[in-house]
Amino acid sequence: MEELSLHLIDLIENSISAKASLIKILIEVSKSNDLIKIVIEDNGEGMNEEEIEKAKDPFFTTKKNKKVGLGIPIFAQIVESCGGRFEIVSQKGKGTKVNAEMKLSHIDRPPLGDLASTLFTSIIGHPDVDFLIKIKTDEGIVEINTAEIKEFLGESSFNHPEVIIFLRENIDREIKGILKGGI
Amino acid sequence: MKIEELRKLREKVREDLKLREGIEPRVKIIVSMGTSGIAAGAREVLKALLDEVAKRELKDVIVLQTGEKGLASAEPIVEVVTKEATITYGRVTPEIARKIVIEHVINGRVLSEYVI
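As a starting point, this report considers the structure included with it.

Conventions and cut-offs
Numbering of residues begins from 1 in every chain and follows the order in which that chain's sequence is written. Working convention: letters from A go to chains and numbers from 1 go to ligands, in the order in which they are written. Where totals are concerned, whole chains, interfaces and linings use all residues; where local detail is concerned, this predicted model gives features only for residues with pLDDT of at least 70, and gives and counts side-chain atom pairs only at 80 or more. Hydrogens are left out, water is left out, and the side-chain values use all remaining heavy atoms of the structure. In this analysis, strands are considered paired if DSSP registers two or more bridges between them. Labels follow the DSSP assignment, with helices taken as runs of H or I lasting at least four residues and strands as runs of E lasting at least two, numbered in each case from the N terminus. Two residues form a contact once any of their heavy atoms are found within 4.5 Å. When two parts are brought into contact, each loses some accessible area as probed by a 1.4 Å sphere; the total of that loss over both is the buried area. Basic side-chain nitrogens of Lys or Arg form a salt bridge, by our definition, when they fall within 4 Å of a carboxyl oxygen of Asp or Glu. Within 3.5 Å is the distance limit for a polar contact, defined as a pair of N or O atoms, with the added protein rule that one can donate a hydrogen and the other accept it, and that residues adjacent in sequence qualify only through two side-chain atoms. Polar here means any residue outside two lists: the nonpolar Ala, Val, Leu, Ile, Met, Phe, Trp, Tyr, Cys and Pro, and the charged Asp, Glu, Lys and Arg; Gly therefore counts as polar. Each axis is a line fitted through C-alpha atoms, taken for helices only over the stretch in contact, and angles between the N-to-C directions span 0 to 180 degrees.

1. Observations regarding the pairing of strand β1 (residues 22-30) of chain A
Residue and element names in this part refer to chain A.
Okay, step 1: Note that β1 and strand β5 (residues 130-137) share eight bridges and pair parallel. Paired with I23 across the strands is F131, a residue of β5.
Okay, step 2: Summarising the sheet, β1 and strand β2 (residues 35-42) pair through eight bridges and their orientation is antiparallel. If you follow L26 over to β2, its bridge partner there is V39.
Okay, step 3: Linking β1 to β2, which pair antiparallel, is a turn of four residues; within it D34 sits at a positive phi near 50°.

Here's what the structure looks like:
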């Protein structure tokens, strides 16, 4: 996967597989600190110590319909090969937090890619999950709280054509506003 | 997202949402979003599906994501679920995704050349 935003979808799907109903995402891009940080935290089933240890092993998975789980191992390897730090903190029954940090200027760092599309498709594709998203750059902060939007528009509003267009345009505009020139 | 924009949107969709309350959508379009699906372009496929559904104002269609299907070589995979049948399409591109909405979802013609 060529974009960090595609790895983010993979992490979101892991949270969904772990039956999360709330997913918190933090993306921080700081040119002044030469840092790009991706944090995803869920309230899903969580993992025990053995599962955390093995999560970075490509031949370990708890998913019954799948032979190997490659998402986390590949992402961890990319982060570490860019001199970054990859960490999983999890507790059975309480959820999981994945923290990835790397140097923004590292020559091997994949581009952040189309973050707006990743967030838009994940939000609409999982209408039963609440997303609390914060994107912080030197240009500003964008926050998206889908629970608040649903409360305002109605629980089943996310598959309404007008709402789909509204969310796509808003997410696109706001993210482009703080990620000028691409990362 | 400005509160004023959300308020305007709520006024626009309120009646529609009331009418749909408790009614199952006529069609569910489900995109597989496992690691291999994502790598094969599932996000762009999902985006094309959502764009087509929204543009054509298909209010009885819902587009959802699901996990790995275990058919990595056929990704991106799209399922079209209706009361009558579930049809699974493989190696879907954004262009094929748009065709699926127009031909299958709207016109009711299964695109057999892409079925797996």
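That shown, we press on.
2. Thoughts on the interface of chain A and chain B
Okay, step 1: Each partner contributes residues to the interface: chain A has 40 residues there, and chain B has 35 residues.
Okay, step 2: When the two sides are added together, the surface that chain A and chain B hide from each other amounts to roughly 3,400 Å², 65% of it contributed by carbon and sulfur.
Okay, step 3: The largest per-residue losses of area from chain A upon contact with chain B belong to A:F152, A:N159 and A:H160, which jointly make up 19% of the total buried on that side.
Okay, step 4: Our enumeration of links across chain A and chain B arrives at five salt bridges.
Okay, step 5: Linking A:E162 and B:K12 is a salt bridge whose minimum nitrogen-to-oxygen distance equals 3.4 Å.
Okay, step 6: Where chain A touches chain B, the interface holds 11 residue pairs in polar contact (both at pLDDT 80 or more).
Okay, step 7: Contributions of two or more residues to the side of chain A that touches chain B are made by α1 (4-17), α4 (115-125), α5 (146-153) and α6 (161-178) of chain A.
Okay, step 8: Broken down by element, the side of chain A that touches chain B gets its largest block of residues, 12 residues, from α6(A).
Okay, step 9: Each residue belonging to the side of chain A that touches chain B can be placed in one class, and the counts come to 17 nonpolar, 14 polar and nine charged.

3. A closer look at the sheet that holds strand β4 (residues 86-89) of chain B
All names here are of chain B.
Okay, step 1: What the four strands build is an open sheet, ordered β2-β1-β3-β4; its pairing is mixed. Bordering the open sheet on either side are β2 (61-66) and β4, each of which pairs with just one other strand. Each strand axis lies, on average, 20° off the axis of its neighbour in the sheet, ignoring direction.
Okay, step 2: Two elements, strand β1 (residues 27-32) and β2, share six bridges in a ladder whose sense is parallel.

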